[in-house]
Amino acid sequence: MGILKNKDLPKWLDEIIYTDFGAIFEPHPQDVVYNPDQPYEFVKIYLGTYFPRSYAEAFCIVYNLLENNNYLSSINALEEINILDFCCGTGGEIIGLIDVLQSKLPNLKNINIDAFDANSDSIRFLYHLTEAVVESGNIRVNININPQGLYVSSEQELSDLVNLTNVQYHFIVSFKALNEFVQHSTFTNKNVYSLISSYFLPLLSNEGVFILSDVTTKLNNSELFYPQVLNAGVNSFVGSCKNEFKTLYPYPCYFQEISCKGCYMQDIFTVSHSRKKNDVSKVAYRIICRKRFADAIVASDFNHSCRKNNPLADKKLPYNY
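Residues numbered from 1 in each chain as written. Predicted model: local features only at pLDDT ≥ 70, side-chain atom pairs only at ≥ 80, totals over all residues. Heavy atoms only, no water.

Colleague: It is not clear to me how the pattern of salt bridges should be interpreted in this structure. Could you clarify?
Modeller: A side chain with one charge can pair with a side chain of the opposite charge if their charged atoms come near. Summed over the entire model, instances satisfying the criterion amount to 11 salt bridges. One salt bridge in this structure joins K246 and E257, with 3.3 Å as the shortest N-O distance. Of the two residues, K246 is situated in strand β7 (residues 245-249) and E257 in the loop between α11 (251-256) and β8 (267-273); the sequence distance between them amounts to 11 residues. According to the relative accessible area criterion, K246 is buried, its value standing at 12%. Linking E257 and R286 is a salt bridge whose minimum nitrogen-to-oxygen distance equals 3.0 Å. Note that E257 is positioned in the loop between α11 and β8 and R286 in strand β9 (residues 276-290), a separation of 29 residues in sequence. What makes E257 buried here is its relative accessible area of 1%. According to the relative accessible area criterion, R286 is buried, its value standing at 1%. One network of salt bridges, in which partners are shared, links K246, E257 and R286. (Salt bridge = Lys/Arg side-chain N within 4 Å of Asp/Glu carboxyl O. Helix = DSSP H or I, 4+ residues; strand = E, 2+ residues; numbered from the N terminus. Buried < 20%, exposed > 50% of the residue type's maximum accessible area, 1.4 Å probe, protein only.)

Structure representation (structure tokens):
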């Protein structure tokens, strides 16, 4: 399987965000730990700094997944795709996902998107950005986007959000956002990744995938890293769901997730654009789907080795293909 780790932001998209929308490249990692109440000017910085990273992450992750011929053949004939993005921000992962799908699926005609975020300015940016992307003529598929500003501060509000949906999704994504719920103890005494999985995975179509991605830093006041908490939560939910869901990727998790208690992992992507060459983004992610689908996709001869079997593994090289 070919592994794509580097992606240039397309020139047409670069022009839209930096010239048309006045986005600003100005990394401030300490300022992005909590985004719902950030002002309009901050959203322009977020668009210029973190949108390209999310675009590249989504493009590369899905590109690499589509290199699996079993997976590609299962969705190759689709003419319409439904996407849900939880905590979408300015939508970098949405545009990256659309871009790679239109390049790989020859029959694709329509993409329907439900996008949720607590920051109203981000939602406003995403709506107008999508208009600009369509008007640029570089996206050949028809896009129907439904961006909604919703603040989730309780499990009841999470349930209400899920009840707003009425379709089955081919892609559900959440990129570098759930750590905010962890930091602010939104769901007290619950693993956020397990909880979110329990609400969103049932919304998948038979061939749908849930891409759950987050940062790789250490939790505040803890010795744990977010990937450890993510993996422990996903493993716990998968183990409790009576063989209904299964990890599709990383492939070692398909074989090891029931016995793994939550290990550290990290993948590194780079994106180049007019404001920065080879900007680095570090994430941990799992791709989860219905078990029957995973069983049809994952070949028995895939490499089973993973961090679980090598506790001294270099944290810079966690995805051991």
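Colleague: What is the right way to read the packing of helix α1 (residues 11-20) against helix α6 (residues 120-135) from this model?
Modeller: Angle between the axes and distance between the axes are the two parameters that describe a pair of packed helices. Their axes nearest at 11 Å, the elements α1 and α6 cross at an angle of 140°. Considering their axes alone, α1 and α6 lie oblique with respect to each other. At the point where α1 passes α6, the crossing takes the right-handed sense. In this structure, α1 uses W12, L13, I16 and I17 to contact α6, whose residues at the interface are L129, A132 and V133. Its residues assigned to classes, the contact of α1 with α6 shows seven nonpolar, no polar and no charged. (Axes fitted to C-alpha atoms, helices over the stretch in contact; angles between N-to-C directions. Parallel < 35°, antiparallel > 145°, perpendicular 65-115°, else oblique. Left-handed = near helix turned anticlockwise from the far one by under 90°. Contact = heavy atoms within 4.5 Å. Nonpolar A, V, L, I, M, F, W, Y, C, P; charged D, E, K, R; others polar.)

Treat this as a map of the structure, not an account of what it does.
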